[in-house]
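# Observations on the three-dimensional arrangement
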Amino acid sequence: MTRQFYLIALLLLSATVFAQIKGKVTDKAGQPVPYTTVIIENTYNGTSANENGLFELIVKEKGKYTVIFQSLGYKTKKMTADIQAFPHTMNVVLEDENYTLSEMIIKPNKEDPAYEIIRNAIKNRKINSGKTDRFEADFYSRGIFRAKNVPKKFLGMEIGDFDGALDSTGTGILYLSETVSKIAFEKPNKIKEEIIASKVSGNDNGFSFNTAQGTNYDFYANYVDMGINMVSPIADNAMSYYKYKLESIFTDNHNQLINKIKVIAKRDKEPVFEGYIYIVEDTWAIYAIDLNSKGYRMQQPILEYIAFTQNFNYNPNTRIWAKNQQTIDFKASIFGMGFTGKFTHVFSNYVFKDQFEKKTFTNEIAKIVKDANKKDTIYWNENRPVPLTDEEIGDYHKKDSIQTIRKSQVYMDSLDRKGNKFKFLKIFTGYTYKDSYHNWSASYKGVLDVTSLGFNTVQGWNLDSGFSFTKRNEDKGTYTFINSTFNYGFAEDRLRVNGSIYHRFNTTNYATASASGGSSINQFNPANPISNLINSISTLFFKDNYAKYYNKEFIKLGYSQNILNGVTANGSIEYSARKPLFNNTDYVLIKNDKDYTSNNPLLPYDNTTPAIVKHNLVKANIGARIRFDNKYITRPDGKINIPNNDYPTLSIGYEKGFAGSEDIYNYDFLSALVDYDKTFGNKGDFAIRLKAGQFFNAENISFVDYKHFNGNQTHVGTADKYLNVFNMLPYYSNSTNDAYFEMHMEHNDKGFIMNKIPLINKLQWNLVAGFHMLNIPNFKPYQEYTVGFDNMGFGKFRLFRFDYVRSYQDGFQTDGVVFGLKILNMLN
């Protein structure tokens with residue numbers, strides 16, 4: 001009891017000693033005014049009230065200060081604080097703003113004065129943006145996610161209470177975290193951040209994801225990146241997307257006129273905002289933002305809405321309006337579950353720069369200092385600029401207490417004893433044994449693993465079973481996975497067994513080693529262009545056995561690691577014995593007059609000639625993936641890579657086949673791949689993938705080692721983008737042991753065209769166009785032209801795509817449609 005008393009006393013003491021100027025902001029009715037900006041006059045030392053109107057403003061010394069309180073909808077208020085002792089209490093009552101409009105009468109055909117204000121804001125956009133091009137600042141971020149009506153089970157699986165976050169009704173705070181940083185920033189996107197403190201509720205070893213890198217929502221830019229480029233109300237092309245109305249004019253504390261302009265979307269389905277933008281008269285700078293948008297406008301149907309507020313503070317010494325506060329609210333729902341969230345960002349103590357020293361900005365965009373997640377309550381109460389609400393205080397206390405209990409070996413062992421109970425039925429359905437305290441588990445898949453059930457003409461009905469072991473150490477970043485698979489084909493009456501081990505040594509250079517071996521059945525194309533599910537359906541229902549297999553006994557070793565920033569090197573060596581396979585069944589669910597084609601992809605109507613001759617081969621591979629100008633975040637426990645989408649990704653490889661059972665099987669092979677994605681403003685996303693390769697000394701190699709291309713004869717697509725497949729190319733029709741060049745291009749308009757067509761825009765579909773080409777020696781180039789629609793579906797579920805495809809090779813070949821079922825990609 002005494003210990004608890006001292007702990008409570010310490011918390012109370014630390015909550016008051018360092019809150020140098022604190023208080024509450026209310027309106028005349030006594031109601032709190034949330035997220036009021038509180039700032040020392042003529043400085044960038046500021047903070048924000050929380051949602052209950054409580055604020056804490058840190059000052060360095062005692063004395064007289066003029067404190068400014070600013071909130072949209074209220075008159076800006078100045079108060080003098082004569083601080084003789086800390087903490088200094090200052091409760092503030094704000095009055096409603098007296099809005100005025102000029103007495104001019106707007107005739108029906110006369111333009112609203114808001115348009116001229118917006119034109120001036122657009123004209124001066126780059127000038128005003130340039131004033132904050134380069135700066136250093138203190139940064140604080142807090143994020144909170146809440147859930148409502150989360151069921152105890154979903155699709156038969158236990159969801160749990162998220163480590164004590166949810167109550168019996170499935171309601172509570174899922175995530176609460178804070179970050180304190182020092183940042184350097186140069187537009188458009190150069191950033192350097194030093195994360196001094198990081199706190200995650202219920203995880204004393206966690207690091208917050210609230211970095212400054214993801215908070216740059218700049219409405220001076222033409223587009224605001226929210227997964228899709230949203231058009232700013234003062235973009236160069238804003239007049240094509242918005243209507244405006246001048247609602248009122250008021251004067252701020254510097255006697256500058258502020259225009260409150262209502263922003264109205266011309267077309268509801270486009271990537272636009274609505275709400276209010278506040279523009280300063282004469283300078284045409286942004287005074288504040290109060291805008292929101294709907295999830296369907298961002299092509300995020302689960303998201304119901306998202307709202308932005310930004311407040312800017314004017315400093316007469318620098319004559320710069322600088323953003324000091326930003327809040328982002330959102331609401332989402334799916335399957336009856338509701339989710340809400342809020343991010344609060346405070347920027348203070350700006351230092352504006354004419355230029356930065358060389359090497360200020362590097363590929364390390366953020367660094368989390370050692371022990372950033374070990375800061376105590378005293379530190380946080382001294383440095384947290386926005387007070388916690390009672391709900392947030394309660395969440396920290398509750399989850400920290402729960403964590404202490406749930407991280408204990410006694411608690412984990414008790415849970416494991418319950419979950420580890422063995423029942424007879426688990427012989428068939430599978431069983432998992434966990435040791436949560438030591439972070440390992442072992443699993444048995446059961447003899448009736450229906451998720452692996454499939455059908456092909458070689459094995460007939462087949463399914464898997466097996467064992468696996470997993471162990472991880474989060475502090476060291478190590479991860480080990482051991483797996484064995486027992487695959488049995490009933491028509492073939494054959495059991496194949498293989499196993500593998502994978503180990504990651506750390507999360508700094510992500511060094512990994514692997515070993516595998518055993519017996520397996522493999523498609524000739526190692527990319528497995530036909531999934532088990534798709535092949536089973538096309539075979540059983542339509543008697544189209546497109547997948548072709550061979551047998552392999554093998555042993556393989558592999559290694560990979562990041563050797564330089566953005567450069568990952570890998571290598572492997574494999575010995576394999578390859579054997580041909582033949583059809584063993586003509587079973588079909590729906591009878592028809594067709595015969596199954598053979599398992600020989602080159603002779604589909606010859607059931608006696610094998611596709612390959614039995615042989616052995618050793619294959620060695622080395623390769624590298626290069627992500628140019630790769631960015632990263634350094635953490636005490638590792639490194640997080642963040643690819644730079646401004647540059648393509650290059651992959652190169654060399655493969656050598658040697659020590660074959662006959663020399664004819666030996667070969668050399670060089671390959672390269674380039675991937676590049678580019679967003680063109682709000683006009684959509686363009687993507688291109690180029691592949692090329694060349695074989696040497698490979699005139700008589702096995703068909704297994706040819707370069708095979710991903711065709712598709714099922715008329716079903718499973719990917720988000722068709723950058724790795726020819727949707728009308730017959731499988732193995734263009735396989736080569738010579739040279740090749742492969743090109744895939746696709747442009748998704750993200751609604752740019754479709755959203756402008758009346759009635760059709762209600763569908764919220766995207767127009768997609770593509771081109772695909774394949775060049776190999778001795779063949780005319782193969783080409784495909786595609787056009788179709790993406791983002792098809794109903795309500796919140798947009799998992800379908802439809803494409804019309806025409807193919808040419810020495811003239812027109814065929815045409816047809818491809819039905820995109822992206823949900824199959826998740827199931828596989």
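Residues numbered from 1 in each chain as written. Predicted model: local features only at pLDDT ≥ 70, side-chain atom pairs only at ≥ 80, totals over all residues. Heavy atoms only, no water.

### Overview of the overall build of the protein
When its secondary structure is counted, the protein shows nine helices and 44 strands. In summary, the protein has a C-alpha radius of gyration of 32 Å against a globular reference of 28 Å for 828 residues, a match within 12%. Counting the 828 residues in the protein, one finds 47% classified as buried. A fraction of 60% describes how many contacts in the protein between residues 6 or more apart in sequence connect residues 24 or more apart. (Helix = DSSP H or I, 4+ residues; strand = E, 2+ residues; numbered from the N terminus. Rg over C-alpha atoms; globule rule 2.2 N^0.38 Å. Buried < 20%, exposed > 50% of the residue type's maximum accessible area, 1.4 Å probe, protein only. Contact = heavy atoms within 4.5 Å.)

### Some thoughts on the sheet that holds strand 3 (residues 46-48)
Strand order in the open sheet made by the four strands is 3-2-5-6, with antiparallel pairing throughout. If you trace the sheet from one side to the other, it starts and ends with strand 3 and strand 6 (77-83), each paired once. If you compare each strand with its neighbour and ignore which way they point, the axes differ by 25 degrees on average. Two elements, strand 5 (residues 63-70) and strand 6, share seven bridges in a ladder whose sense is antiparallel. Bridged to Ile-68 within strand 6 is Lys-78. (Pairing = 2+ DSSP bridges. Axes fitted to C-alpha atoms, helices over the stretch in contact; angles between N-to-C directions.)

### So, the pairing of strand 33 (residues 615-627)
The pairing of strand 32 (residues 567-580) with strand 33 spans 12 bridges and is antiparallel. Within the sheet, the bridge partner assigned to Ala-577 lies in strand 33 and is Asn-616. Direction of pairing for strand 33 relative to strand 36 (residues 649-658): antiparallel, over a ladder of 10 bridges. Across the sheet, the residue bridging to Lys-619 is Gly-657, located in strand 36.

### Observations regarding the nonpolar core
Met-226, Tyr-242, Tyr-244, Ile-261 and Phe-273 are the most contacted members of the largest nonpolar core, which has 51 residues in total. Of all the elements in the fold, those that place two or more residues in this core are helix 2 (114-123), strand 15 (229-231), strand 16 (242-251), strand 17 (257-265), strand 18 (274-280), strand 19 (286-294), strand 20 (303-315) and strand 21 (320-334). A total of six residues in this core trace back to one element, the largest contributor, which is helix 2. Leu-617, Ile-701, Val-725 and Val-805 belong to the second largest nonpolar core, which has 19 residues in total. (Core = buried A, V, L, I, M, F, W, Y, C linked by side-chain atoms within 4.5 Å.)

### Considerations on the environment of Asn-584
Assignment of secondary structure puts Asn-584 in the loop between strand 32 and strand 33. Residues Asn-584 and Thr-89, 495 residues apart in the sequence, show an inter-C-alpha distance of 86 Å. Setting aside chain neighbours within four positions, we find Asn-584 in contact with Thr-457, Val-458, Ala-491 and Glu-492. Reaching out from Asn-584, the side chain makes a polar contact with the backbone oxygen of Val-458 at a distance of 2.8 Å. Side-chain polar atoms of Asn-584 contact the backbone oxygen of Phe-582, separated by 3.1 Å. (Polar contact = N/O pair within 3.5 Å; in protein donor to acceptor, adjacent residues only side chain to side chain.)

### Looking at the pairing of strand 32
For a regular strand, side-chain orientation follows a simple rule: the groups alternate between the two sheet faces. Bridge count for strand 31 (residues 549-564) against strand 32 is 14 bridges, and the pairing is antiparallel. Each residue of the ladder has a partner; that of Ile-555, found in strand 32, is Tyr-575.

### Brief notes about the side chain of Ser-71
Following the sequence through the fold, Ser-71 ends up in the loop between strand 5 and strand 6. Apart from residues no more than four positions distant in its own chain, Ser-71 is found in contact with Val-33, Pro-34, Thr-36 and Leu-94.

### What to know about the environment of Gly-46
Counting through the fold element by element, Gly-46 comes out in strand 3. Relative accessible area serves as the criterion here: at 11%, Gly-46 is assigned to the buried category. In the structure, Gly-46 is positioned 23 residues away from Phe-69 in sequence and 9.9 Å away in space, judged by C-alpha atoms. Among residues more than four places away in sequence, those in contact with Gly-46 are Val-38, Ile-39, Leu-57, Val-346 and Ser-348.

### Digging into helix 2
Of all 10 residues in helix 2, seven are buried; the element is thus mostly enclosed. Looking only at helix 2, the buried set comprises Ala-114, Tyr-115, Ile-117, Ile-118, Asn-120, Ala-121 and Ile-122. Where helix 2 is buried, its residues contact helix 3 (125-130), strand 16, strand 17 and strand 18.

### Focus: the packing of aromatic side chains
Tallying each qualifying case throughout the model produces 52 aromatic pairs. For the pair Tyr-433 and Trp-440, a centre-to-centre distance of 5.7 Å together with 35 degrees between the ring planes defines the contact as tilted. Put simply, the rings of Tyr-44, Phe-135, Phe-185, Tyr-350 and Phe-352 touch in pairs and so form one group of aromatic residues. The ring of Tyr-241 carries the charged tip of Arg-267 above its face, separated from the ring centre by 5.7 Å. (Phe/Tyr/Trp six-rings, centres within 6.5 Å; stacked < 30°, edge-to-face > 60°. Lys NZ or Arg CZ within 6 Å of the ring centre and 35° of its normal.)

### Digging into unusual backbone geometry
For the bond from Phe-86 to Pro-87, the omega torsion is -5 degrees, close enough to zero to count as cis. Looking at the element boundaries, Pro-87 is found in the loop between strand 6 and strand 7 (88-89). Backbone torsion omega between Lys-187 and Pro-188 reads 10 degrees, so that peptide bond is classified as cis. Examined against the element boundaries, Pro-188 turns out to sit in the loop between strand 12 (172-186) and strand 13 (190-200). In this structure, Asp-493 takes a positive phi of about 55 degrees despite not being glycine. Take Asp-493: it is sitting in the loop between strand 28 (478-489) and strand 29 (494-504). Residue Leu-759 is not a glycine yet carries a positive backbone phi of 70 degrees. Here Leu-759 lies in the loop between strand 40 (739-748) and strand 41 (766-775).

### Some points on the side chain of Asn-748
Relative to the assigned elements, Asn-748 resides in strand 40. Within the local environment of Asn-748, its side chain forms a polar contact with the backbone nitrogen of Lys-750, the two atoms lying 2.9 Å apart. Excluding its chain neighbours within four sequence positions, the residues that come into contact with Asn-748 are Lys-683, Gly-684, Asp-685, Asn-766, Leu-767, Val-768 and Asp-790.

### Description of the confidence of the model for the protein
Per-residue confidence for the protein gives a mean pLDDT of 91, with 96% of residues at or over 70. Taken as a whole, residues 1-17 scores under 50 in pLDDT and shows 12 contacts with residues more than four places along the chain or in a different chain. (pLDDT = per-residue confidence, 0-100.)

### Remarks on a nonpolar patch on the surface
A surface patch of nonpolar side chains, about 900 Å² in accessible area, is lined by Leu-453, Trp-461, Phe-490, Leu-533, Ile-537, Phe-541, Phe-542, Tyr-587, Leu-589 and Ile-590. At four residues, helix 8 (residues 532-542) tops the list of elements feeding residues into the nonpolar patch. Judged by relative accessible area, which is 36%, Phe-541 ranks as partly exposed. (Patch = residues over 30% accessible without salt bridge, like charges linked within 9 Å, V, L, I, M, F, W, Y side chains within 5 Å. Areas by Shrake-Rupley, 256 points an atom, 1.4 Å probe, with all protein chains shown as cover. Salt bridge = Lys/Arg side-chain N within 4 Å of Asp/Glu carboxyl O.)

### Overview of the pattern of salt bridges
Per the counting criterion, the structure on display carries 38 salt bridges. Among the salt bridges present, the one from Glu-51 reaches Arg-146, with a minimum N-O distance of 4.0 Å. Residue Glu-51 is located in the loop between strand 3 and strand 4 (54-57), and its partner Arg-146 is located in strand 9 (residues 134-148); the two are separated by 95 residues in the primary sequence. Under the relative-accessibility criterion, Glu-51 is labelled partly exposed at 32%. Here Arg-496 makes a salt bridge to Glu-492, at a shortest N to O gap of 2.8 Å. Side by side, Arg-496 and Glu-492 carry an identical accessibility label, which is buried. When salt bridges with common partners are traced through the structure, they connect Asp-268, Lys-269, Glu-274, Lys-294 and Arg-297 into a single cluster.

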